[in-house]
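# Examination of the molecular architecture
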Amino acid sequence: MKAWWQSLNTRERRLVTIAAALLAMIFLWLLIWKPLARHYTFLQQDLQVARDANQQMQQQRGEILNARGASPDAAPLSSENLYSAVTNLLKQHQLDGEGSSSDSQERDKVRIKLTGKPFDALARFLDQMEHQYAAHVSSMTLKPAKESGLIDAEILLQR
């Protein structure tokens, strides 16, 4: 290669140098700039799609809240720890004490066992858990107790 370069006259060397520089610039444009520009364009399109989806979800959120009877500007559902919410509401509905136990299985799952508790109080408890804490029943087993209006229940609540 060195011998070939030495065999070229000054004008030819300059021409080869300019051609090599032009080829390097073309390769940089084709291999670096053009793919980066294309990727930037795709990212801009993805961003616009995400913004449109966010706007559509916000509109649907408002429609859902209106259908539920809540205002879109209302405070969000409580983010209190699910286990502490369950224990507080069990006390409030007088479902705690003897014949009841609850344990947290995961961050957003609580298992409740009730023995000989009033069905009506349990129904109010579950309603409040759903509407105030966004916790729903994923599994439930109910058995009638010996006295009328009382039940034995195993419930798994989760968010």
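Reading guide: rules and limits
Residues numbered from 1 in each chain as written. Predicted model: local features only at pLDDT ≥ 70, side-chain atom pairs only at ≥ 80, totals over all residues. Heavy atoms only, no water. Helix = DSSP H or I, 4+ residues; strand = E, 2+ residues; numbered from the N terminus. Rg over C-alpha atoms; globule rule 2.2 N^0.38 Å. Buried < 20%, exposed > 50% of the residue type's maximum accessible area, 1.4 Å probe, protein only. Contact = heavy atoms within 4.5 Å. Areas by Shrake-Rupley, 256 points an atom, 1.4 Å probe, with all protein chains shown as cover. Lys, Arg positive; Asp, Glu negative; His and termini not counted. Charge placed at Lys NZ, Arg CZ, Asp CG, Glu CD. Axes fitted to C-alpha atoms, helices over the stretch in contact; angles between N-to-C directions. Parallel < 35°, antiparallel > 145°, perpendicular 65-115°, else oblique. Left-handed = near helix turned anticlockwise from the far one by under 90°. Nonpolar A, V, L, I, M, F, W, Y, C, P; charged D, E, K, R; others polar. Phe/Tyr/Trp six-rings, centres within 6.5 Å; stacked < 30°, edge-to-face > 60°. Polar contact = N/O pair within 3.5 Å; in protein donor to acceptor, adjacent residues only side chain to side chain. Pairing = 2+ DSSP bridges.

On to the overall build of the protein, then. Helices and strands together make up the secondary structure of the protein, namely four helices and four strands. When the helices and strands of the protein are listed from N to C terminus, the series reads α-α-α-β-β-α-β-β. Relative to its length of 159 residues, the protein is extended, with a C-alpha radius of gyration of 35 Å against a globular reference of 15 Å. The dimensions of the protein, computed from C-alpha atoms along their principal axes, are 110 × 40 × 20 Å. Per-residue burial over the protein gives 18% buried out of 159 residues. Across the protein, every contact between residues at least 6 apart in sequence was considered, and the portion connecting residues at least 24 apart equals 53%. Total accessible area on the protein stands at roughly 12,100 Å², and carbon and sulfur atoms take up 56% of it. Across the protein, the mean location of the 19 positive side-chain charges is 18 Å away from that of the 17 negative side-chain charges.

What follows is about the packing of helix H3 (residues 82–92) against helix H4 (residues 119–133). Packing of H3 against H4 leaves a shortest axis separation of 10 Å and a crossing angle of 140 degrees. If you check the angle between H3 and H4, you find them oblique. For the pair H3 and H4, the sense of crossing is right-handed. Each of Leu82, Ala85, Val86, Leu89, Leu90 and Gln92 in H3 lies in contact with H4, whose residues at this interface are Phe125, Gln128, Met129 and Tyr133. Of the residues in the contact of H3 with H4, the class split is eight nonpolar, two polar and no charged.

Okay, the packing of aromatic side chains next. All chains considered together, the criterion is met by one aromatic pair. Centroid distance Trp4 to Trp5: 6.4 Å. Interplanar angle 55 degrees. Geometry classified as tilted. When its relative accessible area of 31% is taken as the criterion, Trp5 is described as partly exposed.

Attention now moves to the environment of Ser7. Inspection of the secondary structure assignment puts Ser7 in helix H1 (residues 2–7). Residue classification places Ser7 among the exposed positions, given a relative accessible area of 55%. In this structure, the C-alpha to C-alpha distance between Ser7 and Arg61, residues 54 residues apart in sequence, is 77 Å. A polar atom in the side chain of Ser7 sits 2.6 Å from the backbone oxygen of Trp4.

Before going further, it helps to spend a moment on the pairing of strand E1 (residues 100–106). Sheet topology note: the E1/strand E2 (residues 109–118) ladder contains six bridges and is antiparallel. Residue pairing for E2: Ser101 is matched across the bridge by Lys113. The turn linking E1 back onto E2 is made up of two residues.

This part covers the sheet that holds E1. The strand order across the open sheet formed by four strands is E1-E2-E4-E3, and the pairing between neighbours is antiparallel. Only two strands of the sheet have a single neighbouring strand rather than two, namely E1 and strand E3 (136–144). Neighbouring strand axes in the sheet, compared pairwise and without regard to direction, differ in orientation by 10 degrees on average. Across the sheet, H3 lies against E1, E2 and strand E4 (150–158), angled at about 10 degrees from E2, the strand it touches most. Packing against the sheet, H4 makes contact with E2, E3 and E4, and its axis sits at approximately 10 degrees to E4.

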